[in-house]
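Inside the fold
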Amino acid sequence: MAYREAKKAFRKDEVPVGAVVVSGEKVVGRGFNMVEVLQDPTAHAEMIAITAAANFLNSWRLDDAVLYVTKEPCPMCAGAIYLSRIPHVVFGVSDSRMGACGSAVDMLHNSNLHSNIAVTRGILEAKCLEVLQAFFQKLREKNNQ
């Protein structure tokens, strides 16, 4: 489902990242990057999905939820994950430049924050990487015209 959200972003010329929040067996939030469409630097897929989940559950505490996302969350999104008390994050592609779940920094396993959020990485990695690469290839081609 997160991958399908990423494809929506791709079709809107957004960096193709998608996210879903699952509580129990139910999807309670979903989102895809909307930074360009909304001209909002905080409109990342994770932020949109977390907000949707909090609204759906009528609670900012998402302490029994799992966040599935196609790309490793950045520091801003990791902060939102931490503050919303999501206990488990599952992502596809690591991000060595901005990833905050262990690649560039590890905000989700930080003793200063008393943070020990479970992280599962590499789920559908090749598929998630493929859509990102296709997006940036398309962007390069567009910029070279």
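Everything numeric here is computed off the predicted structure, so don't read it as measured data. Going along each chain's sequence as written, the residues are numbered from 1 onward. Local features in this predicted model are restricted to residues whose pLDDT is 70 or higher, and side-chain atom pairs enter the listing and the counts only when it is 80 or higher, whereas totals over whole chains, interfaces and linings include all residues. Water and hydrogen atoms play no part in the side-chain values, which are based on all heavy atoms of the structure.

Regarding the state of the cysteines
Counted only if it meets this: Note on disulfides: each one is a pair of cysteine sulfur atoms within 2.5 Å. Accessibility here uses a 1.4 Å probe with only protein chains present; expressed as a share of the type maximum, an area under 20% marks a residue as buried, one over 50% as exposed, and anything in between as partly exposed.
Inspection of the entire model under this criterion finds 0 disulfides. Of all cysteine sulfurs in the structure, the one in Cys 77 sits closest to Cys 74, which takes part in no disulfide; the separation is 3.8 Å. Exposure remark for Cys 74: the relative accessible area of 12% places this residue in the buried category. You can see Cys 128 has no disulfide; the closest cysteine sulfur is in Cys 101, sitting 14 Å from it.

Things to note about the layout of surface pockets
Picture a little ball the size of a water molecule; that probe, rolled over the atoms, points out where space is still empty. What counts is decided by this rule: Lining residues are defined by having an atom within 4 Å of a point belonging to a cavity or pocket. Those points lie on a 1 Å grid over the protein atoms alone, cavities being sets where a 1.4 Å probe fits but cannot get out and pockets being open sets with protein on both sides within 12 Å along at least five of seven lines. Grid points are joined across faces, edges and corners, and a volume is the space filled by probe spheres set on the points. Strands here are runs of E lasting at least two residues and helices are runs of H or I lasting at least four, both read from the DSSP assignment and numbered beginning at the N terminus. Residue classes follow a fixed rule: Ala, Val, Leu, Ile, Met, Phe, Trp, Tyr, Cys and Pro count as nonpolar, while Asp, Glu, Lys and Arg count as charged, and any other residue, Gly among them, counts as polar.
Looking at the largest pocket, its volume works out to about 560 Å³. Lining the largest pocket are 25 residues, and of these Val 15, Asn 33, Lys 71, Asp 95 and Arg 97 sit closest to its centre. The set of elements that each furnish at least two residues to the lining of the largest pocket consists of α2 (35-38) and α5 (125-143). Grouping the constituent residues of the lining of the largest pocket by class yields 12 nonpolar, 5 polar and 8 charged. A volume near 200 Å³ is recorded for the second largest pocket. Of all the secondary-structure elements, those providing two or more residues to the lining of the second largest pocket are α1 (2-11), β1 (18-23), β3 (65-71) and β4 (88-93).

Re the packing of aromatic side chains
Using the following cut-off: A pair of Phe, Tyr and Trp rings is counted when the ring centres sit within 6.5 Å of each other, with Trp represented by its six-membered ring. The angle between the planes then sorts it: under 30 degrees is stacked, over 60 is edge-to-face, the rest tilted. Over a ring means this: the NZ of a Lys or the CZ of an Arg is within 6 Å of the ring centre and within 35 degrees of the ring normal.
Evaluation of the coordinates by the stated rule reveals 2 aromatic pairs. Ring plane angle 70° and centroid distance 6.4 Å describe the contact between Phe 10 and Phe 135, whose orientation is recorded as edge-to-face. A residue pair is termed long-range when its members are at least 10 positions apart, and Phe 10 in helix α1 and Phe 135 in helix α5 qualify at 125 residues. By the burial criterion, Phe 10 is buried, and Phe 135 matches it. Look at Phe 135 and Phe 136: their rings are 5.0 Å apart centre to centre, the planes differ by 80°, and that puts the pair in the edge-to-face class. Relative accessible area serves as the criterion here: at 6%, Phe 135 is assigned to the buried category. Clustering of aromatic rings is evident, with ring pairs tying together Phe 10, Phe 135 and Phe 136. The side chain of Lys 138 reaches across the aromatic face of Phe 10, ending 4.3 Å from its centre.

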